[in-house]
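Examination of the molecular architecture
Single-letter residue listing:
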Amino acid sequence: MPRFAANLSMMFNEVPFLDRFALARQAGFEAVEFLFPYEHPPESIRERLDGCGLRQVLFNAPPGDWAGGERGTASLPDRQAEFRAGIETALRYAAALGCPRLHVMGGIPGPGQSREAARARYVANLAWAAERCQQEGVLVLIEPINRHDMPGYILGSSDEAAAIVEAIGPERIALQYDLYHTQITEGDLTRRAERLLPIIGHMQLADVPHRHEPGTGEIAWDYVLGRIDAMGYRGWIGCEYRPAGETVAGLGWIERFRA
Ligand SMILES: O=C(O)C(=O)[C@@H](O)CO
Ligand SMILES: [Mg+2]
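Residues numbered from 1 in each chain as written. Chains lettered and ligands numbered in written order. Predicted model: local features only at pLDDT ≥ 70, side-chain atom pairs only at ≥ 80, totals over all residues.

**Looking at the overall build of the protein chain**
A count of helices and strands for the protein chain gives eight helices and eight strands. The globule rule puts the C-alpha radius of gyration for 259 residues at 18 Å, and the 17 Å found for the protein chain is close to it. Along the longest, intermediate and shortest principal axes, the C-alpha atoms of the protein chain span 45 × 40 × 35 Å. The buried share of the protein chain, taken over its 259 residues, is 42%. In the protein chain, once contacts between residues fewer than 6 apart in sequence are set aside, the share between residues at least 24 apart is 77%. (Helix = DSSP H or I, 4+ residues; strand = E, 2+ residues; numbered from the N terminus. Rg over C-alpha atoms; globule rule 2.2 N^0.38 Å. Buried ≥ 20, exposed ≤ 12 C-beta atoms within 10 Å, placed from the backbone. Contact = placed C-beta atoms within 7 Å.)

Structural data, given as structure tokens:
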């Protein structure tokens, strides 16, 4: 059955970030992911992972000015030096945390910017990052994000993502298949997953439309997770949802899917 990782940016928000690791372990998770670790020294995070016997399976590269609305810098003009420095910072964290995957966000080009030029920059920056990360044993991931949550985000569909993976090389860059975004944007969740399986490096889930836990929305999870298992996906599925209530109280859904 699928292997689930707790997303500590969204789950266990009842306690401060560094205290979420222990709660995730107590709730039965063996692995965690989160968006950005950069407010904490890597050693402090490593200590929490080791202290509870958890694995770190994913985090994000620095996204630019997140509070100011930026969602990555890879497609933005005049940001290459910052982008590359961010990848180096992320690699230091990846080494310290023993994390083999890095989600690199592409950004939201401004209204006056050419989409073609932004896309060319995005692909060139990703190619550099993928090669640099491969040298350190880290796989770069890209994720199409739905237009309601992130209007104007550079990567909107799984076919666009597949073309980029193909162009850069599936040995160094892969698709982060987030069932929540995919359901909103494209649907056809299981056939699409089966077709894209060779280039999927990580999955994430949340129900639609409210991004809460499975069972709170429109996705038929028994069918979808059963098919994902049957088609041979053996990677992690990050629980990237905002619990509808208290995190542990909302974890009942997971029991029937745990191996
Ligand atoms: O929002 C998501 O979905 C993610 O996976 C994040 O890494 C980016 O916002
Ligand atoms: Mg996601």
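**As for the confidence of the model for the protein chain**
Overall, the prediction assigns the protein chain a mean pLDDT of 98, with 100% of residues at 70 or greater. For this predicted complex, the interface score ipTM comes out at 0.98, alongside a pTM of 0.98. (pLDDT = per-residue confidence, 0-100.)

**Let's talk about the sheet that holds strand 4 (residues 101-103)**
Strand order in the closed barrel formed by eight strands is 1-2-3-4-5-6-7-8, with parallel pairing between adjacent strands. Each strand axis lies, on average, 30° off the axis of its neighbour in the sheet, ignoring direction. (Pairing = 2+ DSSP bridges. Axes fitted to C-alpha atoms, helices over the stretch in contact; angles between N-to-C directions.)

**Some thoughts on the site of ligand 1**
Inspection of the region around ligand 1 gives Leu-35, Asn-60, His-103, Met-105, Glu-143, Ile-145, Asp-178, His-181, Gln-204 and Glu-240 as its neighbouring residues. Its residues assigned to classes, the shell around ligand 1 shows three nonpolar, four polar and three charged. (Near = placed C-beta within 6 Å. Nonpolar A, V, L, I, M, F, W, Y, C, P; charged D, E, K, R; others polar.)

**With respect to the UniProt feature "active site" (unreviewed entry) in the protein chain**
In the UniProt entry, the feature "active site" (unreviewed entry) is given for Glu-143 and Glu-240. The annotated residues occupy 98 residues of the chain but converge on a single region, no pair of C-alpha atoms lying more than 13.0 Å apart. Setting aside residues no more than four positions away along its own chain, Glu-143 makes contact with His-103, Gln-176, Asp-178 and His-181. One can find Glu-240 in the segment after strand 8 (236-239). (UniProt positions renumbered as here; feature names shortened; annotations may be inferred.)

**Things to note about unusual backbone geometry**
Peptide bonds are trans in most cases, and residues, glycine excluded, mostly fall at negative phi. Omega for the peptide link from Val-208 to Pro-209 comes to 15°, which places this bond in the cis form. The topology assignment puts Pro-209 in the loop between strand 7 (200-205) and helix 8 (221-230). Phi is positive for Asp-78, close to 60°, though the residue is something other than glycine. Summarising the element assignment, Asp-78 is placed in the loop between strand 3 (55-60) and helix 3 (80-97). We classify Asp-78 as exposed; it has 8 C-beta atoms within 10 Å. One non-glycine residue, Asp-188, lies in positive phi territory at about 55°.

**Focus on the environment of Leu-205**
Positionally, Leu-205 belongs in strand 7. Considering only alpha carbons, one finds Leu-205 and Glu-171, 34 residues apart in sequence, at a separation of 24 Å. Apart from the residues within four sequence positions on either side, Leu-205 is in contact with Leu-179, Tyr-180, Pro-214, Ile-237, Cys-239, Glu-240 and Tyr-241.

**Quick word on helix 3**
With 18 residues, helix 3 should reach 26 Å at 1.5 Å per residue; the first-to-last C-alpha distance of 25 Å fits that figure. For helix 3, every residue scored as buried is listed here: Phe-83, Gly-86, Ile-87, Ala-90, Leu-91, Tyr-93, Ala-94 and Leu-97. Looking straight down helix 3, one finds its buried side chains confined to an arc of 165°; they lie on one side. Exposed residues lying more than 90 degrees from the buried face of helix 3 are Ala-81, Ala-85, Glu-88 and Arg-92. Of the surrounding elements, those touching the buried residues of helix 3 are helix 2 (42-52), strand 3, strand 4 and helix 4 (115-135). (Expected span 1.5 Å × (residues − 1). Arc of directions from axis to C-beta.)

**Re the packing of helix 3 against helix 4**
At a closest axis distance of 11 Å, the pairing of helix 3 and helix 4 adopts a crossing angle of 25°. Relative to helix 4, helix 3 is oriented roughly parallel. Every pair of crossing elements has a handedness; the one defined by helix 3 and helix 4 is right-handed. Taking contact as the criterion, the partners of Gln-80, Phe-83, Arg-84, Ile-87 and Leu-91 in helix 3 are, on helix 4, Asn-125, Trp-128, Ala-129, Arg-132 and Cys-133. Among the residues making up the contact of helix 3 with helix 4, the classes are represented as six nonpolar, two polar and two charged. (Parallel < 35°, antiparallel > 145°, perpendicular 65-115°, else oblique. Left-handed = near helix turned anticlockwise from the far one by under 90°.)

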